[in-house]
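Each chain is listed here by its residues.
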Amino acid sequence: MAKKNRGRAPEPRPEAAAKAATLKDLLPAELVDRLKNQASDMRAEQERVREEERQRAEEARKAEQKRNESSMEYLLENSSMDWKSYK
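Residues numbered from 1 in each chain as written. Predicted model: local features only at pLDDT ≥ 70, side-chain atom pairs only at ≥ 80, totals over all residues. Heavy atoms only, no water.

- The name given to the protein chain in an unreviewed UniProt entry is YqkE family protein, with Paenibacillus albicereus as the source organism.

## Digging into the overall build of the protein chain
For step 1, the next point in the chain: Per the secondary structure count, the protein chain includes four helices and zero strands.
For step 2, the next point in the chain: Mapped in sequence order, the helices and strands of the protein chain form the string α-α-α-α.
For step 3, the next point in the chain: As displayed, the protein chain has an accessible area near 9,000 Å², and 54% of this comes from carbon and sulfur atoms. (Helix = DSSP H or I, 4+ residues; strand = E, 2+ residues; numbered from the N terminus. Areas by Shrake-Rupley, 256 points an atom, 1.4 Å probe, with all protein chains shown as cover.)

## Description of a nonpolar patch on the surface
For step 1, the next point in the chain: Together, Met72, Tyr74, Leu75 and Leu76 give the surface a local cluster of nonpolar side chains, amounting to about 400 Å² of exposed area.
For step 2, the next point in the chain: Checked against the element boundaries, leucine 76 lands in helix 4 (residues 72-77). (Patch = residues over 30% accessible without salt bridge, like charges linked within 9 Å, V, L, I, M, F, W, Y side chains within 5 Å. Salt bridge = Lys/Arg side-chain N within 4 Å of Asp/Glu carboxyl O.)

## As for the confidence of the model for the protein chain
For step 1, the next point in the chain: Per-chain confidence: the protein chain averages 83 in pLDDT, with 77% of residues scoring 70 or above.
For step 2, the next point in the chain: Confidence, read as mean pLDDT per element, is least for helix 1 (residues 14-19) in the protein chain (60) and greatest for helix 3 (residues 29-70) (95). (pLDDT = per-residue confidence, 0-100.)

## Description of the pattern of salt bridges
For step 1, the next point in the chain: Under the counting rule described, the total for this entry stands at seven salt bridges.
For step 2, the next point in the chain: Between glutamate 45 and arginine 48 there is a salt bridge, with the nearest N and O atoms lying 2.4 Å from each other. One end of the pair, glutamate 45, and the other, arginine 48, are both in helix 3, three residues apart, so they sit about a helical turn from each other.
For step 3, the next point in the chain: The class for arginine 48 is partly exposed, based on a relative accessible area of 38%.
For step 4, the next point in the chain: Glutamate 52 is paired through a salt bridge with arginine 48; the nearest N and O atoms lie 2.5 Å apart. Taken together, the residues span about one helical turn, with glutamate 52 and arginine 48 both in helix 3 at a distance of four residues. (Buried < 20%, exposed > 50% of the residue type's maximum accessible area, 1.4 Å probe, protein only.)

Okay, here's the thing in structure tokens:
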């Protein structure tokens, strides 16, 4: 029987690390910076659009609530019909 190597980690191959080039390594630095800036601008624009949509929805909800509060039909439907507790 052969001895098993326990506790020894396999050594990384130096040529495997040299072959693994990423796109970031291949592109010029100013192009990478420009792409990062563009990505952050796009994220900021998306956040602004989401905030505007949230504000519009909040305004619509408030307008609907105001309409409902002034509608006698809505108030009658949503009021408690237990008038004995108010005597």
